[in-house]
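Structural description and commentary
In case you want the letters, here they are:
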Amino acid sequence: MKEVSQGLDVANEEEFASQSKLLTEFASLSTIDKAWVFESENGGSTRAMFLISQPNLLGNKKRTHILSSHIAKQSDGSVSFQWASFPVETSGVSTIVPSPSGQKMLVIRNQENDSPTQFEIWGPSQVDKEIHIPKSVHGSVYTDGWFEGISWSSDETLIAYVAEDPCPSKPVFDGLGYKRTGSSEKDCNSWKGQGDFEEEWGEGYSGKRRPGLFVVNIVSGDVHIVDGISKSLSVGQVVWAPKNDDLDQYLVFVGWPSDCGSEKTERKLGIKFCYNRPCALYAVKASVHKSETDKLETKVDRSHRTEDETAAINLTRGISSAFFPRFSPDGRFLVFLSAKSAVDTGAHSATNSLHRIDWPTDGKPNTSPKLIDVVPVVKCAEEDCFPGLYCSGFLRNPWLSDGQTMVMPSYWRSSQVIVSVDVLSGRVSRVTPNSTASWNILALDGDNILSVSSSPVEPPEIKYGYSTERKEWNWLDISSPVSKYSTKVKSMLSSLQFSIMKIPVRDASIEVTDAARTPYEAIFVSSKTRKSGACDPLIVILHGGPHFLVSTNYSKNHAFLSALGYSLLIVNYRGSLGFGEEALQSVLGKIGSQDVNDVLAALDHVIEMGLADPSKVAVVGGSHGGFLTTHLIGQAPDRFVAAAARNPVCSLVLMVGTSDIPEWCFVEAYGGREGKEYFTEAPSLDHLHVLYNKSPISHLSKVKTPTLLLLGAQDLRVPVSNGLQYARALKENGVEVKVIVFPIDTHGLDRPQADFESFLNIGVWFNKHFQ
């Protein structure tokens, strides 16, 4: 066995010092997370507010701040942004949600331990109302973007939101045994027992209790939980339904049943990044009444109401998935996304569809509304044509002034674009230019779009789009303080170029559909200048999922690796989002073979083009990308000089009994519907045999590539034992291995320090083995 020195030798220390200084240049850049636009008092301008984040390496968290600007529109069609002199830090703020009119701002501060959750209602110049909600009412408000649901009522007096249920009572013990009378928190002569185990929603939700639905009255300060929702449902993404003449107002929300596993098992499975969990839209009465003082009250008089009157109504029984509900501005219809393809096949993400429900004119929801298909799933995407919807979220107000056109981001092959959808006709149009850059929408300014655009060689820049009389979109470049980058970063990025390559499918199985035979894509990043006759060393970069993709968005980590002198080959193999449903589904049952062959074919493609030297190739990937990385160094042991894997899936046998998504192992190994049918919490010997043969560890005896493993000790998706077992087995075979475990990090390794240290070690590891 090779002896690997512990710690850093002098040469490595110099390399760490040099690379960490360079990585700091990229890691310190700010990014725009979201924006809001408000009407100004004069009609000639609007006001914009940007929420901006920046890694705080010393604090190991994200620092956020607000930067404001006036948007002045001139008569000649030009637009100018007048920026505030300095940003304002939002320390301690969990989330910010402006009211529909822009006259009020909700600021939520989730407190830890015994402190209450704080709701602050801000006016134009000061805090107008502060409401403290003790933990006996509910726990932290969900602000993560999936269960998150914070919605102002139309008259801006009520706010519906999603928060953790209050902590259930637990048994108390003292030196004499069980205490019947309970005990205060600070009683040092007793302790609280654990109580019954409660299933959680897996990765990213450890320690989080069931999300429940609440309403706060900002006039009276009254808070109540919304009745009529089964405790078997976890709720999120709440919106107010259009107001009606009845005293009762309705809320529409998404509900996920706790028994989302399968017909054979009733348990919560990991939900983060998992669109294959069944969910439905529900409508429920918010029970808002007027008191004698004409102030809104939310306390409920249940004496005269039956259970049927208060029970939530399932609006989408005819479809297995419904989320991100949005009402049209006039309240005539409700639209929502569906991941029915993911739920039905078991793929953790798939092509979305868009649907509409015509809302009753009296404002009272039907128990069996008709579901109207607006944008169906695209099975086979013609070249350069719309490949289907791949949308991970909507704006709170995504509507243009006609009241029937939505704008949203979506993946279009290897780029992210902005599309408009006419929800009455179903017509989908690409709004952003036919460029290879990627775009994301920040906010609407009337019928104009505030967005951000970037590419692998261009950091994010603000763009302002407006439609001409000919229904064409023009885009203006907007200079902002956020896009002020250091001279060093600008110089390095200006020396790079990128392209999107179409990779022909090699050795296509006769079993796959025609759509799965069409070319997939890879993003190639390289230097503009080439040394005489020599190619820069190449890093193959592989995404996770496998039903995900790497788009042409800017990535500080990829830019850092490019700045070290590497070319990058980022492969969106078949199974990636953005290429149509049949191509996505083609990898199910073929992981470890079809996806591996796609990567090798992409590598051969750039070598045959003379863009890479076959003797100077490294590979890196995380999660399923780590699965591919460790498969490649086993199946093609002579092709890679070095490898790095972040929380990789190395053994499906070990993962199936420890992961928060055990059914993933069956769905990906056996195939969609067949895998769902086979899934069990107690796999048989035959099951384990199949899972082993699909795993990288089955090829371990052939591995000789020096391998770096980066692992999160709190990872619930691919627990740390998976990578450690693989690393120990490699060492047993005499392969050079380096392992770094981050004690408080989860699957994404995305906390600032773990992210920084991961890519610093990747850069040093690759440089060491290319010398």
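Let me sum up the structure you'll find in this document. Along each chain, residues carry numbers from 1 onward, in the same order as the chain's sequence is written. Two thresholds apply to this predicted model, a pLDDT of at least 70 for residue-level local features and 80 or more for giving and counting side-chain atom pairs, whereas whole-chain, interface and lining totals are computed over all residues. Values reported for side chains reflect all heavy atoms of the structure, with hydrogen atoms and water molecules removed beforehand.

When a residue's accessible area, from a 1.4 Å probe over protein chains only, is under 20% of the maximum for its type it is buried; when over 50% it is exposed; and in between it is partly exposed. Secondary structure elements are defined from DSSP: runs of H or I of at least 4 residues count as helices, runs of E of at least 2 residues count as strands, and each element is numbered from the N terminus. Neither face of strand 6 (residues 95-98) is left uncovered, since the one carrying Thr95 and Val97 and the one carrying Ile96 and Pro98 both have all their residues buried. Following DSSP output, two strands are said to pair if at least two bridges run between them. Across four bridges, the pairing between strand 6 and strand 7 (residues 105-109) is antiparallel. Considered in strand 7, the bridge of Pro98 is made with Met105.

Moving on, we come to the packing of aromatic side chains. Pairing of aromatic side chains requires ring centres within 6.5 Å, counting the rings of Phe and Tyr and the six-membered ring of Trp. Pairs whose planes differ by under 30 degrees are stacked, by over 60 edge-to-face, and all others tilted. Overall, the coordinates contain 29 aromatic pairs when judged by the stated rule. Consider the rings of Tyr142 and Tyr205, whose centres lie 6.2 Å apart with planes at 45 degrees: the pair is tilted. On the criterion of sequence distance, the pair formed by Tyr142 in the loop between strand 9 (127-133) and strand 10 (150-152) and Tyr205 in the loop between strand 14 (190-192) and strand 15 (211-217) is long-range, its members being 63 residues apart. Relative accessible area serves as the criterion here: at 2%, Tyr142 is assigned to the buried category.

Fitting a line to C-alpha atoms yields each axis, with helices limited to the stretch in contact; the angle taken between N-to-C directions then spans 0 to 180 degrees. As a packed pair, helix 7 (residues 594-608) and helix 8 (residues 624-635) sit with axes 10 Å apart at the nearest point and diverge in direction by 75 degrees. On the basis of their axis angle, the class for helix 7 and helix 8 is roughly perpendicular. Taken together, the residues of helix 8 that come into contact with helix 7 (itself represented by Asp595, Val596, Val599 and Leu600) are His624, Phe627, Leu628, His631, Leu632 and Gln635. Note that the term roughly parallel is reserved for angles under 35 degrees, roughly antiparallel for angles over 145, roughly perpendicular for angles of 65 to 115, and oblique for everything else. In this description, contact between two residues means that some pair of their heavy atoms is separated by no more than 4.5 Å.

Turning to the pattern of salt bridges, a few remarks are in order. Side chains bearing opposite charge may pair, as long as their charged atoms lie close to each other. Salt bridges are defined by distance alone: a side-chain nitrogen of Lys or Arg within 4 Å of a carboxyl oxygen of Asp or Glu. Summed over the entire model, instances satisfying the criterion amount to 27 salt bridges. With a closest N to O distance of 2.8 Å, Arg717 and Asp660 form a salt bridge. Linking Arg717 in the loop between strand 40 (707-712) and helix 13 (720-732) with Asp660 in the loop between helix 9 (652-655) and helix 10 (662-670), this pair joins segments that are 57 residues apart in sequence. For the pair shown, Arg717 and Asp660 are each scored as buried. Look at the salt bridges and you will find they share partners, linking Glu164, Lys208 and Arg209 into a network.

Here we come to the environment of Arg639. Here Arg639 lies in the loop between helix 8 and strand 39 (642-646). C-alpha of Arg639 to C-alpha of Ala618: the two residues are 21 residues apart in sequence and 8.4 Å apart in space. In the analysis that follows, any N or O atom pair within 3.5 Å is treated as a polar contact, provided that within protein one partner can donate a hydrogen and the other can accept it, and provided that, for residues neighboring in sequence, both atoms belong to side chains. Side chain to side chain, Arg639 and Asp604 meet in a polar contact 2.7 Å long.

Here the term cavity refers to a set of points on a 1 Å grid, laid over the protein atoms alone, in which a 1.4 Å probe fits but cannot get out; the term pocket refers to an open set having protein on both sides within 12 Å along at least five of seven lines, with lining residues being those that place an atom within 4 Å of a point. Grid points are joined across faces, edges and corners, and a volume is the space filled by probe spheres set on the points. The calculated volume of the second largest pocket comes to roughly 850 Å³. Around the second largest pocket, the lining comprises 30 residues; the ones closest to its centre are Arg47, Met49, Met105, Gly123 and Pro124. Contributions of two or more residues to the lining of the second largest pocket are made by strand 1 (31-39), strand 2 (45-56), strand 3 (61-73), strand 5 (88-89) and strand 7. Counting residues per element, the lining of the second largest pocket draws most heavily on strand 3, which supplies five residues. Under the scheme applied here, ten amino acids are nonpolar (Ala, Val, Leu, Ile, Met, Phe, Trp, Tyr, Cys and Pro), four are charged (Asp, Glu, Lys and Arg), and all others, including Gly, are polar. Partitioned by chemical class, the residues of the lining of the second largest pocket number 15 nonpolar, nine polar and six charged.

A separate point is the sheet that holds strand 8 (residues 117-122). Taken in spatial order, the four strands line up as 6-7-8-9 in an open sheet, and their pairing is antiparallel. Edge positions in the sheet fall to strand 6 and strand 9, since each has one partner strand and no second. Across the sheet, the mean angle separating the axes of adjacent strands is 15 degrees when strand polarity is ignored. Inspection of the sheet shows strand 8 paired to strand 9 by six bridges, in the antiparallel sense. Paired with Trp122 across the strands is Val127, a residue of strand 9.

As a further point, take the packing of helix 10 against helix 12 (residues 685-693). Where helix 10 meets helix 12, the axes come as close as 10 Å, and the angle between the chain directions of the two elements is 70 degrees. Our classification of the angle between helix 10 and helix 12 gives roughly perpendicular. Relative to helix 12, the crossing made by helix 10 is left-handed. On helix 12, the residues that touch Cys665, Phe666, Ala669 and Tyr670 of helix 10 are Asp686, His687, Val690 and Leu691. Residue classes in the contact of helix 10 with helix 12 are distributed as six nonpolar, one polar and one charged. Helix crossings are classified by the rotation of the near helix relative to the far one: an anticlockwise turn of less than a right angle makes the crossing left-handed, while a clockwise turn makes it right-handed.

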